[in-house]
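Listed here are the chains, written in short residue letters.
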Amino acid sequence: MTSYGLVMTTDHVLQVTDSRTGRSYELPIVDGAIRAIDLRQIKTSDDDFGLLSYDPAFQNTASCRSAITFIDGDKGILRYRGYPIEELARRSTFLDVSWLLLNGELPDKAESAAWAREITQHTYVHENIKKFIDGFHYDAHPMGILVSTLAALSTFYPQAKAVLDKAVRDEQVVRLIAKMPTLAAFAYRHALGLPYAYPDDDLSYAGNFLNMMRKMTEPKYEPDPVLEHALDVLFILHADHEQNCSTNAMRSVASSHADPYSAAAAAAAALYGPLHGGANEQVLRMLREIGSVDNVPGYIDRVKHGELKLMGFGHRVYKNYDPRATIIKEVANQVFEVTGRNPLLDIALELERIALEDDYFISHKLYPNVDFYSGIIYQAMGFPVAMFPVLFAIGRMPGWLAQWEEGMADPEQKISRPRQIYVGCGLRHMDGDSA
Ligand code: SDX
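A quick note: this is a predicted structure, and the numbers were derived from the prediction, not measured.

Colleague: How should the pairing of strand β4 (residues 23-29) be read in this particular structure?
Modeller: Consecutive side chains along a regular strand alternate between the two faces of the sheet. Two elements, strand β3 (residues 12-18) and β4, share seven bridges in a ladder whose sense is antiparallel. Considered in β4, the bridge of Val16 is made with Tyr25. Hairpin connection between β3 and β4: a loop of four residues separates the two successive antiparallel strands, and Gly22 in this loop has a positive phi of roughly 80°.

Printed below as a string of structure tokens:
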């Protein structure tokens, strides 16, 4: 029987023999995995704790069973609930994809309209949030503001602590998806010393975000339809990516039954890191540092000598081209027709050309990932570099929430609490105390 491309095996076992005792064991293999807890029976004596599995950074550990996103890293495949990302990017919308991630099916026309209305009705934030944001320095990084304001939202919705109540969870899901663009835009406007631009219910999700970012004195902001659509596609491409670092943070914090605002703040904090969602910002800084196509070979040499990483390249799962990067390159061409071509694209394309021919990158299976080209588009659209990870977070929120919901409903899950291998000092006493 197969499900989601995996073979469900129930009658195969892993036979192991412990050379310390000569005893043999049969560990059931299900869905291509053994249960780590089954190792605990392998002991050298009755008072032995039993074997642990040691897996720093969870490089070969499945933390959950999930039906949300399927990735085949070797083939460069990404599917949300079974739908190829290429189809969703071409034919769906970010809000419909959010519904798909959360509910398992694409919405019908009535569901789609009702869902968009519900999100639109929750885009405002409490006026006190503005005072909170005003407390940041003008040059505060917008991701720092976003992480903080997400956590602060938990104080405005104390009822969200009732995480075991599905209706309460559903209410917070709407609020978090709806308010992310508002928090992001407010952080941006604060940095520029501009008055906050309020949501416009007449606009689409992406259009309203552009409105709150860009509206000045005009009576009504009219988003450019090409940029509005490009942003919606970029949000789709970032919506989920199975058990990445920030999703793991979301699930882990939520496993203590913390409220979803606090868990989302932790997820956003993880995403902020330059090895994760912060990479799109680092890519732009890297391209600016390289400065011209002529400097690319020298930069590549520095990467190959281990001096620095090629930001936007490489992936824990994709050992082939990240399918999102392919789509983003297509979106770039549409955006540049409106904004004009971003000269940094030439440097990025030359970096990619050389890297994909170079044995170091081929042998390390390093290909452009989602962050390599997204920043070039964001910059061309006029977003400051520091806003790039914030844009990533807006897109990823539905994924974090769908994973949260799946974790909360999973009977196998409990509070996350890994074990360790203790390598510290044995028993010792303070001077003069020989107890
Ligand atoms: C995202 O997990 C997800 O799904 C994340 C994400 C999502 O949608 O949620 O896809 C979004 O975070 C994309 C990744 C963005 N980060 C970057 O672009 C930063 C640069 N990339 C690297 O830091 C790295 O590739 C990671 C963090 C993405 C993956 O790291 P791994 O899997 O832990 O691999 P590694 O660091 O152990 O590297 C393996 C080898 C090492 O060489 P050796 O020491 O074995 O000789 O590959 C080398 C690394 O030095 N390597 C790189 C490199 N990435 C890995 N060398 C140069 N440049 C790079 N970018």
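Colleague: Hey, could you run me through the side chain of Gln172 in this one?
Modeller: Residue position: Gln172 is located in helix α6 (residues 166-192). Residue classification places Gln172 among the buried positions, given a relative accessible area of 0%. A distance of 3.0 Å separates a polar side-chain atom of Gln172 from the backbone oxygen of Val168. Sequence-distant contacts of Gln172, defined by excluding residues within four places in its chain, comprise Tyr157, Gln159, Ala160, Pro260 and Tyr261.

Colleague: Hey, could you run me through the packing of helix α9 (residues 245-254) against helix α10 (residues 260-271) in this one?
Modeller: As a packed pair, α9 and α10 sit with axes 8 Å apart at the nearest point and diverge in direction by 150°. In this view, α9 runs roughly antiparallel relative to α10, as classed from their interaxial angle. For the crossing formed where α9 meets α10, the hand is right-handed. Between α9 and α10, the contacting residues are Cys245, Ser246, Ala249, Met250, Val253 and Ala254 on the first element and Pro260, Ser262, Ala263, Ala264, Ala266, Ala267, Ala270 and Leu271 on the second.

Colleague: Just checking my understanding: could you explain the pattern of salt bridges for this structure?
Modeller: Any two side chains of opposite charge can pair, so long as their charged atoms come close to each other. This model, assessed by the stated rule, comprises 20 salt bridges. Put simply, Lys329 and Glu352 hold a salt bridge, and the shortest N to O gap is 3.1 Å. In this pair, Lys329 sits in helix α13 (residues 323-339) while Glu352 sits in helix α14 (residues 344-357), placing the two residues 23 residues apart along the sequence. In this structure, the salt-bridge partner of Arg353 is Glu350, at a minimum N-O distance of 2.7 Å. Within this pair, Arg353 and its partner Glu350 are both found in helix α14, separated by three residues, close to a single helical turn.

Colleague: Would you take a moment to explain the sheet that holds strand β6 (residues 77-80) for this structure?
Modeller: With respect to topology, three strands assemble into an open sheet ordered β5-β6-β7, the strand pairing being antiparallel. Edge positions in the sheet fall to β5 (69-72) and β7 (83-84), since each has one partner strand and no second. Direction of pairing for β6 relative to β7: antiparallel, over a ladder of two bridges. Bridged to Tyr80 within β7 is Tyr83.

Colleague: I tried to follow the packing of aromatic side chains on my own but got confused; where do I start?
Modeller: The geometry of an aromatic ring pair is captured by the separation of the ring centres together with the interplanar angle, meaning the angle of the planes. Evaluation of the coordinates by the stated rule reveals 17 aromatic pairs. When the centroid spacing of 6.3 Å and the interplanar angle of 65° are considered together, the rings of Phe209 and Phe235 count as edge-to-face. Taken together, the residues Phe209 in helix α7 (residues 205-214) and Phe235 in helix α8 (residues 225-237) connect sequence positions 26 residues apart. Owing to a relative accessible area of 0%, Phe235 belongs among the buried residues under this scheme. Feature note: the residues Phe94, Tyr205, Phe209, Phe235, Tyr378, Phe383 and Phe388 constitute an aromatic cluster, connected by ring pairs.

Colleague: So what exactly am I meant to see when it comes to the confidence of the model for the protein here?
Modeller: As a general rule, the predicted coordinates of low-pLDDT regions are not to be interpreted in detail. Here the protein averages 95 in pLDDT, while 97% of its residues score no lower than 70. Low pLDDT, under 50, characterises residues 1-7; the stretch is placed with nine contacts to residues that sit more than four places away or in other chains.

Colleague: Would you mind showing me how to read the packing of helix α16 (residues 370-380) against helix α17 (residues 388-409) here?
Modeller: Any two packed helices are characterised by how steeply their axes cross, that is the angle between the axes, and by the distance between the axes. Where α16 contacts α17, the two axes come as close as 10 Å, and the packing angle between them is 110°. Accordingly, the angle class assigned to the pair α16 and α17 is roughly perpendicular. Of the two elements, α16 crosses α17, and the hand of that crossing is right-handed. Together, Val370, Asp371, Gly375, Tyr378 and Gln379 of α16 and Phe388, Leu391 and Phe392 of α17 make up the contact between the two elements.

Colleague: Could you clarify how one ought to interpret the domain arrangement of the protein in this entry?
Modeller: Reports of interface size often rely on the accessible area that becomes lost once the parts have come together. Per the domain assignment, the segments of the protein are domain 1 (10-58) and domain 2 (66-409). Each of domain 1 and domain 2 has a C-alpha centre, and these two points are 40 Å apart.

Colleague: Is there a simple way to think about the site of the ligand in this case?
Modeller: The ligand sits among 23 residues. The nearest are His241, His315, Arg316, Arg324 and Arg396. Between the ligand and Arg316 there is a distance of 2.8 Å, counted from an oxygen atom to a side-chain nitrogen or oxygen. Between Arg396 and the ligand, the recorded distance is 2.8 Å, taken from a side-chain N or O atom to an oxygen atom.

Colleague: Is there a simple way to explain the environment of Leu275 in this structure?
Modeller: Counting through the fold element by element, Leu275 comes out in the loop between α10 and α11 (279-290). Measuring from C-alpha to C-alpha, the distance between Leu275 and Gly314 comes to 10.0 Å, with 39 residues separating the pair along the chain.

Colleague: Just checking my understanding: could you explain the environment of Tyr318 for this structure?
Modeller: Topologically, Tyr318 is positioned in the loop between α12 (296-304) and α13. According to the relative accessible area criterion, Tyr318 is buried, its value standing at 1%. As for Tyr318 and Lys75, which are separated by 243 residues in sequence, their C-alpha atoms are 8.0 Å apart. One polar contact links Tyr318 to His241, side chain to side chain, over a distance of 2.9 Å.

Colleague: What exactly am I supposed to notice about unusual backbone geometry here?
Modeller: Excluding glycine, residues mostly have negative phi values, and the peptide bonds linking residues are mostly trans. Backbone geometry at Ala57 places phi at a positive 65°, although glycine is not the residue there. Looking at the secondary structure, you find Ala57 in the loop between β4 and β5. Its identity as a non-glycine residue notwithstanding, Lys365 has a phi of 55°, on the positive side. Residue position: Lys365 is located in the loop between α15 (359-363) and α16.

Colleague: Looking at this structure, how should I read α17?
Modeller: Given 3.6 residues to a turn, an α-helix orients residues that are three or four positions apart in the same direction. The end-to-end C-alpha separation of α17 is 32 Å, in line with the 32 Å expected for 22 residues at 1.5 Å each. Along α17, 21 of the 22 residues are buried, which leaves the element largely enclosed by surrounding structure.

Colleague: Could you clarify how one ought to interpret the pairing of β5 in this entry?
Modeller: Pairing of β5 with β6 involves four bridges; the strand directions are antiparallel. Across the sheet, residue Asp72 finds its bridge partner in β6, namely Ile77. Connecting β5 to the antiparallel partner β6 that follows it, the hairpin turn spans four residues, and Gly76 within it adopts a positive phi of roughly 65°.

Calculation criteria
- Residues numbered from 1 in each chain as written.
- Predicted model: local features only at pLDDT ≥ 70, side-chain atom pairs only at ≥ 80, totals over all residues.
- Heavy atoms only, no water.
- Pairing = 2+ DSSP bridges.
- Helix = DSSP H or I, 4+ residues; strand = E, 2+ residues; numbered from the N terminus.
- Buried < 20%, exposed > 50% of the residue type's maximum accessible area, 1.4 Å probe, protein only.
- Polar contact = N/O pair within 3.5 Å; in protein donor to acceptor, adjacent residues only side chain to side chain.
- Contact = heavy atoms within 4.5 Å.
- Axes fitted to C-alpha atoms, helices over the stretch in contact; angles between N-to-C directions.
- Parallel < 35°, antiparallel > 145°, perpendicular 65-115°, else oblique.
- Left-handed = near helix turned anticlockwise from the far one by under 90°.
- Salt bridge = Lys/Arg side-chain N within 4 Å of Asp/Glu carboxyl O.
- Phe/Tyr/Trp six-rings, centres within 6.5 Å; stacked < 30°, edge-to-face > 60°.
- pLDDT = per-residue confidence, 0-100.
- Domains from an automatic or database assignment.
- Near = heavy atom within 4 Å.
- Expected span 1.5 Å × (residues − 1).

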